[in-house]
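The chain contents come next:
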2 protein chains.
Amino acid sequence: MALPATLVVELSALLGDGWRIDDAARDAHGGDDSRRHARPDAVALPRTREQVVALVRACRAHGVPIVARGAGTGTTGAAVPTHGGIAVSFARMDRILAIRPADRCAVVEPGVLNGALQTALAAHGLFWPPDPSSAESCTVGGNLATNAGGPRAVKYGATRDNVLGLVAVTGTGELIRVGGAYTKASAGYDLTHLLVGSEGTLALIVEATLKLAPRPQAQAGLRAFYRDAASAAAAVSRLMAQPVVPAMLEFLDRRSLMLLRRNGSDVPEAGAMLLVEADGSAEALPDILAALGAAAEGEGLLDMDVAPDGAARDRLWAARRALSPALRTIAPGKINEDVVVPVSRIPELVASVEALADAYGLTIVCFGHAGNGNLHVNLLYHPDDADETARAQAALPQVFDLALALGGTLSGEHGIGLSKREFMARAYDAPTLAAMRAVKHAFDPDGILNPGKLLPP
Amino acid sequence: MALPATLVVELSALLGDGWRIDDAARDAHGGDDSRRHARPDAVALPRTREQVVALVRACRAHGVPIVARGAGTGTTGAAVPTHGGIAVSFARMDRILAIRPADRCAVVEPGVLNGALQTALAAHGLFWPPDPSSAESCTVGGNLATNAGGPRAVKYGATRDNVLGLVAVTGTGELIRVGGAYTKASAGYDLTHLLVGSEGTLALIVEATLKLAPRPQAQAGLRAFYRDAASAAAAVSRLMAQPVVPAMLEFLDRRSLMLLRRNGSDVPEAGAMLLVEADGSAEALPDILAALGAAAEGEGLLDMDVAPDGAARDRLWAARRALSPALRTIAPGKINEDVVVPVSRIPELVASVEALADAYGLTIVCFGHAGNGNLHVNLLYHPDDADETARAQAALPQVFDLALALGGTLSGEHGIGLSKREFMARAYDAPTLAAMRAVKHAFDPDGILNPGKLLPP
């Protein structure tokens, strides 16, 4: 679509050098890590919330779509402007407005990088829990849009659990303020947590008050090898049922371990591995580690290595870090989904995915955040092999159906975006989707905010 | 209003002996702990979610209000049917449907008592964190409606933080299902947390999947006396900034301590007291207690008692438990509000409330959940003293204005209901209230669910 000339004049005047219609800017703001791409008609780089309000009102008047974006590290196409319109980058709204150690919170603009925030917080002995693997390059605004997680979520929660308040601009161009620098509230509808994970479809977040946690003094860990996924999953349930919550609790399946061994990692033959992290004070760590080790023990345990300090823990975690690069050595194509199941159903998920891999003649590797039942199911294929590619595409819906049949859901931390929206009707029944559509209409009655995302067609 | 005769016939047939129009039943389902009362036109006691769906659809067809209620222990009038219509009690939907230790969750109907659930969970070494003072007699449904909290919220969160999924009936009589037996999700709008704290104005909850925590093996505590509220509040900030999160962190102001001394409790003269609870494994507790004790130390500390075990801890907590009964010995009238401020602003709140007490010639006692900045401000008065009663009523809006001016909010755990709805327009600006109204309309377009509550007139 071509933008209305009056809108171009208005937004150019509003945004100055933050208004870009050149091809380079449009191309640079059209993609994300899903490898999808669509060119927006223009790019807006606002510096103030007032500019965001004026932008939304102008676009609404002309019925022009608005697609908010952070750093473009999302994996679902949520930031891809498939309906054209204006890509709104928050790269210039990247200030840390306040760090309030006594209130354990920080107030930030959406464009600040997760990693830059962590660096600033470290000086105060604090951190913000969400730790996606893209932490160095992704923005807090993107984390808010997708409800990003990471390994630490098992103890500290994902993004939604670590946001106290928001200032946001709705689809009608109204600035709303919800929540604040406090951790407990029963005062009206909780719009704060509703906006987190809404992928830019309800409002554009222009400020967030983030809940912080004190940095643990020390870390340690252990890795345990099991005969099969079922005995590892039983250990996950035991670990989650005792009072010392692990700081991370990662699962790697048999194929992950085969892959690591093939690439030279120091892991034995086993059916599954758990990586368990402990954090706390230096004095408390030995007891914490002992409690976690006791819970990890049980039927099917083959071997366990204890890393009593941070350096040893880093060595153990090297295998987990080597995994994503190793996947690329098998096949250049990868569909990485992050389904969720109840913790007790992990064995069934893993067994069913193995059966699926056999049935479709595919390599499928499962690993991820076992303490949350949030497993990354990686379907590997060669994009130049049309048949294998088709089999991978055909197996994908089966993975979602498996997770849903086990009482789980489509995504734990990546979100829905474009790539999973057609599966939303499998995850939710018609009345629930109707309620979600009604909420969408409440915030964005004209449907200008990120059309074609999250909700099914 | 008189109920339409066809509706009476329909609901009587639907509900059988769960349909009550006698005065005794109507009177018994018209009040709550706010001492407000209004008689509903009828009382419905459904046994199944299908009955709730049919009830809402029938009421919607006739435009008849529906007011959901648990055990009537709320303090804001949220369950009082001021607009008549049908009081829906969930007393007969009180089953614990499943306890899933391996998934750390329980599935319950809304009418189960919080205390009964805790008893059932104890056998599995688990608990559900919300611990309002009415825990023995309040229902989980009421906890969900108000986002109830309690002292444990500082470590374990309030109700909203401990709910994983809901099944609910909207104002259009549609059954929706959101969330489930998993702790991490990024799959569509988060309606689960939106419904918690919505006080029966968006939907009637018919089933909840609750997040459980492992029962700590042991508990200990300490109490610390400070020169003034400012030095106690500084200690609260220190306690919250170090890695060992206290299991409870309660504050009592100078007047609370005076009152306790006058009633024979063993507390010294001091400007403020903190009660700090530690929980964990028996081996870890000494270190945890040492860390909390070190954080409690600082400028203005007068004295500290350590309770190294559960029994000693219970003795220390006796003073906190004696406080509410003691309040009644001063004056029979009490306005108990539970405002929230950022932790760092507690000293200003306490100092301003003291100034307010002086200015209005009132006794005002402050105590509560300091780790969440959630203080109970008790304005005491004699109801038969018209002038004092008027002064208490006049001082109340000032308390809310103080909390809001300090960046806080109206309520941390009681909710809004009737008693605070007129103050919502002070807490939120017009666009934010408009967004809340739009959400209300999305779930309940005809406004039949608990009209006249939560949102301002």
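Numbering of residues starts from 1 in every chain and runs along the sequence as written. Both sets of labels track the order of writing: A upward for chains, 1 upward for ligands. Given that the model is predicted, a residue must reach a pLDDT of at least 70 before its local features are reported, and side-chain atom pairs must reach 80 or more before they are shown or counted; all residues, however, enter totals for whole chains, interfaces and linings. With hydrogens and water excluded, all non-hydrogen atoms of the structure serve as input to the side-chain values.

**Student:** When you look at the sheet that holds strand β6 (residues 105–108) of chain B in this model, what are you seeing that I'm missing?
**Tutor:** Backbone hydrogen bonds hold the strands of a sheet together, and the pairing may be parallel or antiparallel. Residues and elements named next belong to chain B. Paired strands, as defined in this entry, are two strands with at least two bridges between them according to DSSP. Here a strand is any run of E in DSSP of at least two residues, a helix any run of H or I of at least four, and the numbering for each starts at the N terminus. Spatial strand order, β5-β6-β10-β8-β9: five strands in an open sheet with antiparallel pairing. Single-partner strands in this sheet number two, and they are β5 (96–100) and β9 (175–179). Across the sheet, the mean angle separating the axes of adjacent strands is 15 degrees when strand polarity is ignored. The sheet contact formed by strand β8 (residues 163–170) and β9 spans five bridges and is antiparallel. By the bridge assignment, L166 is partnered in β9 with V178. Note on definitions: a residue-residue contact is assigned when non-hydrogen atoms from the two residues lie within 4.5 Å. Helix axes are fitted only over the stretch in contact, all axes being lines through C-alpha atoms; the angle between N-to-C directions runs from 0 to 180 degrees. Across the sheet, helix α4 (residues 114–122) is in contact with β5, β6 and β10 (203–211); its angle to β5 comes to roughly 35 degrees.

**Student:** Explanation requested: the interface of chain B and chain A in the structure shown.
**Tutor:** Residue-level contacts link 79 residues of chain B with 79 residues of chain A. Salt bridge, as applied in this entry: a Lys or Arg side-chain nitrogen positioned within 4 Å of an Asp or Glu carboxyl oxygen. In this structure, the connection of chain B to chain A is made through six salt bridges. For E413 of chain B, the salt bridge identified is with K184 of chain A, shortest N-O distance 2.7 Å. Distance and chemistry together define a polar contact, namely a pair of N or O atoms within 3.5 Å, with one atom able to donate a hydrogen and the other to accept it when in protein, and with adjacent residues in sequence counting only for side-chain atoms on both sides. Counting every contact that joins chain B to chain A gives 30 residue pairs in polar contact (both at pLDDT 80 or more). Only β9, α7 (191–195), α8 (229–241) and α15 (430–443) of chain B provide two or more residues apiece to the side of chain B that touches chain A. When residues of the side of chain B that touches chain A are assigned to their parent elements, the largest contribution, nine residues, is made by α15 of chain B. In this classification, Asp, Glu, Lys and Arg are treated as charged, Ala, Val, Leu, Ile, Met, Phe, Trp, Tyr, Cys and Pro as nonpolar, and every other residue, Gly included, as polar. Of the residues in the side of chain B that touches chain A, the class split is 38 nonpolar, 27 polar and 14 charged.

**Student:** Please explain α4 of chain B as it appears in this structure.
**Tutor:** For an α-helix, 3.6 residues make a turn, and residues three or four places apart therefore share a direction. Residue and element names in this part refer to chain B. Remark: exposure states derive from per-residue accessible area (1.4 Å probe, protein chains only) relative to the maximum for the residue type, with buried under 20%, exposed over 50%, and partly exposed in between. Along α4, the residues that are buried comprise N114, G115, L117, Q118 and L121. Around the axis of α4, the buried residues are gathered within 160 degrees of arc, so they sit on the same side. Check the buried side of α4 and you find it contacts β5, β6, β7 (126–127), α5 (140–146) and β10. Of all possible arcs, the one meant is that of the directions from the helix axis to the C-beta atoms.

**Student:** It is not clear to me how the domain arrangement of chain A should be interpreted in this structure. Could you clarify?
**Tutor:** Often, the extent of an interface is quoted as the loss of accessible area on bringing the components together. All names here are of chain A. When the domains of chain A are assigned, the result is domain 1 (5–89), domain 2 (96–214) and domain 3 (218–405). The source of the domain bounds is an automatic or database domain assignment. Between domain 1 and domain 2, the C-alpha centre-to-centre distance is 22 Å. With 13 residues of domain 1 at the contact, the number on the domain 2 side is 18 residues. A buried area of about 1,300 Å², summed over both sides, lies between domain 1 and domain 2, and 63% of it is on carbon and sulfur atoms. Taken together, the links from domain 1 to domain 2 amount to two salt bridges. Of the charged contacts, one joins R57 and E174 as a salt bridge, the two residues approaching to 3.7 Å between their closest N and O atoms. Summed over the shared surface of domain 1 and domain 2, the result is two residue pairs in polar contact (both at pLDDT 80 or more). Summed over both partners, the accessible area lost on bringing two parts together, with a 1.4 Å probe, is the buried area.

**Student:** Would you take a moment to explain the relation of the copies chain B and chain A for this structure?
**Tutor:** Mapping chain B onto chain A leaves a residual RMSD of 0.0 Å; the transformation is a rotation of 180 degrees accompanied by 0.0 Å of translation along its axis. Seen this way, the second copy is the image of the first under a two-fold rotation axis. An overlap of 100% is found between the interface residues of chain B and their copies at the interface of chain A, pointing to a shared contact surface. All copies are superposed by least squares; the fitting set is the C-alpha atoms of residues with a pLDDT of at least 70 in both.

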